[in-house]
Amino acid sequence: MEDMFKTFPKHNCSWLKGKITWYKNQDFWFPHLFHLGGFSVHQNYKAEPSDVLLCSCPKTGTTWLKGLAFSIVTREKFDPSTSPLLTTLTHECVPFLELDLDKIEHNHKNSTFPLVATHLPYPSLPESVLDANCKIVYIYRNTKDVVVSHYHYLREALKVPVEDSPFVEAFEEFCEGISYYGPYWDHILGYWKASLERPDRVLFLKYEDLKTDPTTNVKKLAEFIGYPFSIEEENAGVVENIVKLCSFEHLSSLEVNKSAGKLRKIVENRLYYRKAKVGDWENYFTDEMKEKIDRLMDEKLSVTGLVLK
Ligand code: PAP
């Protein structure tokens, strides 16, 4: 495998001071560890028809989607006062396909928990996901806020001070398609095409829609993954309670998500909860940057009709 890596194009991000190397395989860039995870998944993960894949490009709402889906499928076991989300980083509540095969196997054996999260691009998903006809939920977000979130997350995770890391360099690389599991537009396109082919199996959710109308979107999510709310639950406020439990304001105020705890002993929990503001990009983009990325996304994604501005 190491020999194979030598054949992949690689890139050291200047704005991250060479602290991370991206490798490109099957047209997508990501770090060594996740490629290894992706290969292992192909050999060792046998999807079951009941598996629900929560898919995303990083920084587009993964943590939020995981929290909501987790709360939906476990609502008979936990209520908002006993939820593991109160004391555990959301990412640790839902296994990550590339790195948590043992947990997924455990969940398969006990057939209690259907959720599996992944950042893998659609063409890199293991065939068993398609063979088993698993449901897929894909979350996406306006590109400019993704660029900003991506910049701060990686810079802080790799401890590169803001004054040493020009935002414009991160922006230019993103536009070249070199980003965490990027190009972002190709990541979206893969899942979008799949949603056209199998609309009953692939649900698209938009971060900004979740912000504007969380209740409707949480009900849509629950229905799609096969855990619809009953009228009694709706009348009892179960949907609103899940929305409140998983809100940024609530989760980001919890000790576990403010603490120096680290996901996989690498990334501080707090880095998954930054600002969650729609339009934070306005604090970073010049007019030229805005025009450039809008033009780029129009060029790449106009066919989809998805609005990412
Ligand atoms: P990941 O792919 O590394 O897990 P992801 O969760 O997709 O990251 O993205 C993190 C973004 O979601 C952060 O956005 P920001 O940088 O613009 O602030 C984070 O603040 C935001 N976020 C995390 N949890 C929530 C939530 N419960 N509601 C809304 N946004 C959230």
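Above this text you will find the structure in question.
Residues numbered from 1 in each chain as written. Predicted model: local features only at pLDDT ≥ 70, side-chain atom pairs only at ≥ 80, totals over all residues. Heavy atoms only, no water.

Student: Would you explain the sheet that holds strand β5 (residues 115–118) in this entry?
Tutor: Picture the strands of a sheet paired through backbone hydrogen bonds; they go either parallel or antiparallel. As summarised here, the arrangement of the 4 strands in space is β5-β4-β6-β7, forming an open sheet in which the pairing is parallel. Sheet topology places β5 and β7 (202–206) at the edges, where each strand pairs with a single neighbour. Shown here is a sheet whose adjacent strand axes are inclined to one another by a mean of 20°, direction ignored. Strand direction decides the pairing type here: strand β6 (residues 135–140) and β7, joined by 5 bridges, are parallel. Looking at the pairing, I139 lines up with L205 of β7. Contacting β6 and β7, helix α11 (residues 214–224) runs over the sheet at an angle of about 165° to β7. (Pairing = 2+ DSSP bridges. Helix = DSSP H or I, 4+ residues; strand = E, 2+ residues; numbered from the N terminus. Axes fitted to C-alpha atoms, helices over the stretch in contact; angles between N-to-C directions. Contact = heavy atoms within 4.5 Å.)

Student: Just to check I follow, could you spell out the environment of S50 for this structure?
Tutor: Along the chain, S50 turns up in the loop between α2 (32–44) and β4 (52–56). For the pair formed by S50 and L125, sequence separation is 75 residues and the distance between their alpha carbons is 16 Å.

Student: Looking at this structure, how should I read helix α13 (residues 238–245)?
Tutor: For an α-helix, the turn length of 3.6 residues means that residues three or four places apart are oriented alike. Among all positions of α13, only V239, I242, V243 and L245 are buried. End-on view of α13: buried residues confined to an arc of 165°, all on one side of the axis. Residues of α13 that are buried sit in contact with α3 (62–73), α11, α12 (231–235) and α14 (248–251). (Buried < 20%, exposed > 50% of the residue type's maximum accessible area, 1.4 Å probe, protein only. Arc of directions from axis to C-beta.)

Student: Would you take a moment to explain the pattern of salt bridges for this structure?
Tutor: Close approach of charged atoms allows side chains of opposite charge to pair. Under the defined criterion, the tally for this structure stands at 13 salt bridges. Across the pair E105 and K109 runs a salt bridge whose closest N-O atoms are separated by 3.9 Å. One end of the pair is E105 and the other is K109, both in helix α5 (residues 101–110) and 4 residues apart, which spans about a single turn. Looking at E105, the relative accessible area reads 46%, which means it is partly exposed. Of the charged contacts in the structure, one is a salt bridge between R270 and E268, with a shortest N-O distance of 3.0 Å. (Salt bridge = Lys/Arg side-chain N within 4 Å of Asp/Glu carboxyl O.)

Student: What should I look at first to understand the site of the ligand in this one?
Tutor: The local shell around the ligand holds 20 residues, among which T62, T63, S149, K275 and A276 are the closest. Take H91: an N or O atom from its side chain is 2.9 Å from an oxygen atom of the ligand. Within the side chain of Y207, one N or O atom sits 2.7 Å away from a nitrogen atom of the ligand. For the ligand, the accessible surface in isolation is 640 Å², of which the surrounding protein chains cover 98%. Counting residues per element, the shell around the ligand draws most heavily on α3, which supplies 3 residues. Of the residues assigned to the shell around the ligand, the class counts are 8 nonpolar, 8 polar and 4 charged. (Near = heavy atom within 4 Å. Polar contact = N/O pair within 3.5 Å; in protein donor to acceptor, adjacent residues only side chain to side chain. Areas by Shrake-Rupley, 256 points an atom, 1.4 Å probe, with all protein chains shown as cover. Nonpolar A, V, L, I, M, F, W, Y, C, P; charged D, E, K, R; others polar.)

Student: I'm lost on the state of the cysteines in this one. Help?
Tutor: Note on terminology: disulfide describes a covalent bond linking the sulfur atoms of two cysteines. Going through the model one piece at a time under the given rule, you end up with 0 disulfides. C175 provides the cysteine sulfur closest to C13, a residue in no disulfide bond, and the two sulfurs are 14 Å apart. Not part of a disulfide, C246 finds its nearest cysteine sulfur in C93, a span of 9.7 Å. On the accessibility criterion, C246 (2% relative accessible area) is buried. (Disulfide = S-S within 2.5 Å.)

Student: Mind showing me how you'd approach the packing of α3 against α11 here?
Tutor: Any two packed helices are characterised by how steeply their axes cross, that is the angle between the axes, and by the distance between the axes. Where α3 contacts α11, the axes come no closer than 10 Å and their chain directions differ by 60°. The pairing of α3 with α11 is recorded here as oblique in orientation. Every pair of crossing elements has a handedness; the one defined by α3 and α11 is right-handed. Residues L65, L68, A69 and I72 of α3 touch α11, and the partners they reach there are V218, L221 and A222. Residues that form the contact of α3 with α11 fall into these classes: 7 nonpolar, no polar and no charged. (Parallel < 35°, antiparallel > 145°, perpendicular 65-115°, else oblique. Left-handed = near helix turned anticlockwise from the far one by under 90°.)

Student: What exactly am I supposed to notice about the side chain of D51 here?
Tutor: Relative to the helices and strands, D51 resides in the loop between α2 and β4. Despite its burial, D51 pairs with no opposite charge; the closest candidate is K46, at 10 Å N-O. For D51, the side chain forms a polar contact with the side chain of Y45, separated by 2.7 Å. Residue contacts for D51: discarding those within four places in its chain leaves Y45, H108, P114, V116, C134 and K135. (Lys, Arg positive; Asp, Glu negative; His and termini not counted.)

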